[in-house]
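# Chains, contacts and geometry: an overview
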Amino acid sequence: METDSLLGGSVNGGSADYGSGSGSQHGGSPGSRRMTYSFAAESCSAEQRNTGDEALIQQAVVFIEDAIQYRSINHRVDASSLRLYRWYYSKICQWGLGLTIALVLLLAFMERPSSLSVSSDLRRHAQPWQPPCGLTESFELICLIIFSLDLAVKSYLIGWEEFRKSKWLIGYIAVISISLVDWVLSVSMVCDEKLRVRRLLRPFFLLQNSSLMKKTLKCIKRTLPEIASVILLLLLHLFLFTMIGMLLFVKTEEPEKNGEWKLNLPRSLTSLLVLLTTANNPDVMIPAYSLNRGYAIFFIIFSVIGTYCLMNLLTAIIYNQFRGYLLMSVKTSIIRRRLGIRAAFQVLSCCQGAGQSTEASVRVDAVLEVMSRVQMKNYYRGAIITEAQQYTTAGFMDREQFSKIFDELDKDRIREHPPLPQYNSPFLQKLQVIFSHYYFTIFGNALALANVICICTILVVNSENTKTERNDYYMEVINFCFIVYYLFEMSMKIFAFGWRGYLSYKNNVFDGFLTILLLALQIMIFVIYRVPFSS
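Residues numbered from 1 in each chain as written. Predicted model: local features only at pLDDT ≥ 70, side-chain atom pairs only at ≥ 80, totals over all residues. Heavy atoms only, no water.

Helix and strand content of the protein: 19 helices and two strands. Here the protein holds 535 residues, and the buried ones make up 39% of them. Across the protein, the fraction of contacts at a sequence separation of at least 24, relative to all contacts at a separation of at least 6, is 69%. A total accessible area of about 31,600 Å² is found for the protein, and carbon and sulfur atoms account for 65% of it. (Helix = DSSP H or I, 4+ residues; strand = E, 2+ residues; numbered from the N terminus. Buried < 20%, exposed > 50% of the residue type's maximum accessible area, 1.4 Å probe, protein only. Contact = heavy atoms within 4.5 Å. Areas by Shrake-Rupley, 256 points an atom, 1.4 Å probe, with all protein chains shown as cover.)

Now the structure itself:
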């Protein structure tokens with residue numbers, strides 16, 4: 001979605017992503033609803049000072065959220081626009097937009113002519129269900145309306161100047177318009193049209209709403225000129241060896257001896273192209289090799305030059321380009337975060353009581369108020385608030401101190417497991433040490449492996465028997481014994497770690513889920529088939 005960690009595009013107003021300006025341009029005349037900042041300024045403008053503290057705090061909240069999500073700060077900052085902006089980037093709205101994209105892509109499986117059936121075998125292919133005309137079209141119209149609203153909100157929030165720079169949003173308008181026209185034609189023809197152009201355009205909705213997809217496409221665009229020369233070498237290599245192969249393997253009078261190379265140019269070229277990927281190696285060489293062992297030299301030379309040299313060179317160029325673009329995306333993300341934090345500081349320095357000294361500063365209580373409103377993970381909010389409270393005595397924070405407290409966003413969360421329960425009895429303490437030891441987990445994994453081996457062995461032994469000849473008594477007994485041990489292991493780990501400690505380990509949660517599931521299945525087998533008896 002638009003909140004991916006690494007955003008593509010230029011920070012200085014490139015068209016790779018909407019609203020990708022640097023935030024360093026002045027935003028028009030006084031009273032303008034659009035607002036950007038000149039970060040070199042040390043004092044607040046008169047317009048900013050006349051703005052109430054509540055509005056400034058709300059702007060700072062949005063800028064901090066932009067910094068956390070690596071979003072651009074070039075958007076409207078008036079009160080109503082900020083409310084709309086926060087609602088648009090809320091989890092509910094973004095999840096709804098994602099579900100809409102998924103729905104419009106899944107319509108292809110249900111639309112006419114539908115090929116959705118239980119069996120893919122044409123001999124057993126029953127008549128697929130054909131939805132009535134207007135059913136899928138109704139869902140599609142709802143999706144197109146949602147996409148139109150999405151476009152309208154994005155365009156309004158970033159403004160006309162940034163909208164003109166964004167090729168993705170311009171393409172968004174074109175795709176929605178073409179889709180609506182094609183939808184009207186489809187409905188007017190009672191769903192009997194031969195071609196639906198809008199089906200070809202549906203993947204654009206996914207590309208437009210995914211920053212990761214945008215970065216990938218832009219990286220491919222940047223990579224194509226670099227790999228063009230290598231692709232040309234591959235084509236020349238392929239064509240040259242095809243000509244040499246057709247000269248070496250001359251067509252004979254006996255049709256059964258005419259292999260891959262003794263037919264025509266397209267067949268020979270296709271065989272070498274597949275051989276370049278080693279998919280049909282050495283099958284394509286066997287007919288020629290059976291006539292003369294020396295022909296193997298031709299295929300060896302072709303594979304060494306094409307597969308091991310040119311293909312590896314192509315892979316290296318693609319990897320290097322993607323790696324360089326990834327580093328550039330990381331730098332862009334870091335710059336966007338710093339711009340968001342710097343913009344929040346600039347806004348908060350205009351609050352009443354701040355910025356009265358010669359050096360710009362912000363009030364600590366204003367920073368704490370902003371952090372209490374920011375939508376972010378509680379762990380990082382608590383860490384930043386803890387760092388900010390260190391400056392409570394002074395009452396103010398300068399620019400470096402304000403930026404430093406947000407370094408907590410770059411630190412990984414260290415999850416600490418709850419402490420082990422305390423037992424007074426020495427015997428229970430020894431048991432706790434034994435069952436909380438790592439070797440006890442290894443022993444349980446070894447028994448699970450033995451369980452799998454036993455099941456596989458019994459299945460192999462019974463594979464030659466019919467269903468009536470099979471005796472599942474020993475398998476049921478073995479499974480029951482292992483399930484009893486799994487229950488014992490789960491109980492002992494809960495005893496050693498406690499409930500909270502046991503659930504804090506993901507592997508324990510997985511093991512416990514499987515144990516309960518196996519126990520439920522075993523009980524169902526006993527209830528349905530009774531206790532098995534040996535014959």
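Before going further, it helps to examine the environment of Leu103. Mapped onto the fold, Leu103 is located in helix α4 (residues 91-106). We classify Leu103 as partly exposed; its relative accessible area is 34%. Separated by 40 residues in sequence, Leu103 and Cys143 place their C-alpha atoms 7.8 Å apart. When neighbours within four sequence positions are excluded, Leu103 is seen to be in contact with Phe139 and Cys143.

With that out of the way, let us pick up the confidence of the model for the protein. Do not read the predicted coordinates in detail wherever pLDDT is low. When pLDDT is averaged along the protein, the result is 81; 82% of the residues meet or exceed 70. No element of the protein has a lower mean pLDDT than helix α1 (residues 46-50), at 53, and none a higher one than α4, at 94. Here residues 1-43 is modelled with pLDDT under 50, and outside its nearest four sequence neighbours on either side it reaches 145 contacts, counting other chains as well. (pLDDT = per-residue confidence, 0-100.)

Attention now moves to the pattern of salt bridges. Counting across every chain of the model gives 18 salt bridges. Of the charged contacts in the structure, one is a salt bridge between Arg373 and Glu54, with a shortest N-O distance of 2.6 Å. In this pair, Arg373 is assigned in helix α13 (residues 364-373) and Glu54 in helix α2 (residues 53-68), connecting sequence segments 319 residues apart. Two residues, Glu140 and Arg198, come together in a salt bridge whose shortest N-O distance is 2.6 Å. (Salt bridge = Lys/Arg side-chain N within 4 Å of Asp/Glu carboxyl O.)

In this section: the packing of aromatic side chains. Aromatic rings considered in pairs are described by the distance between their centres and by the relative angle of their planes. Under the criterion given, the structure shown has 22 aromatic pairs. Taken together, a centroid distance of 5.4 Å and an interplanar angle of 65° make the contact between Phe241 and Phe302 edge-to-face. Here Phe241 is found in helix α9 (residues 211-248), whereas its partner Phe302 is found in helix α12 (residues 296-348), with 61 residues between them in sequence. For Phe241, a relative accessible area of 10% corresponds to the buried category. Look at Phe302 and you get buried, because its relative accessible area is 0%. When the ring centre of Tyr89 is taken as origin, the NZ or CZ atom of Arg71, which lies over that ring, is 4.0 Å away. For Arg76, the ring lying beneath its charged end belongs to Tyr156, and the centroid distance is 4.6 Å. (Phe/Tyr/Trp six-rings, centres within 6.5 Å; stacked < 30°, edge-to-face > 60°. Lys NZ or Arg CZ within 6 Å of the ring centre and 35° of its normal.)

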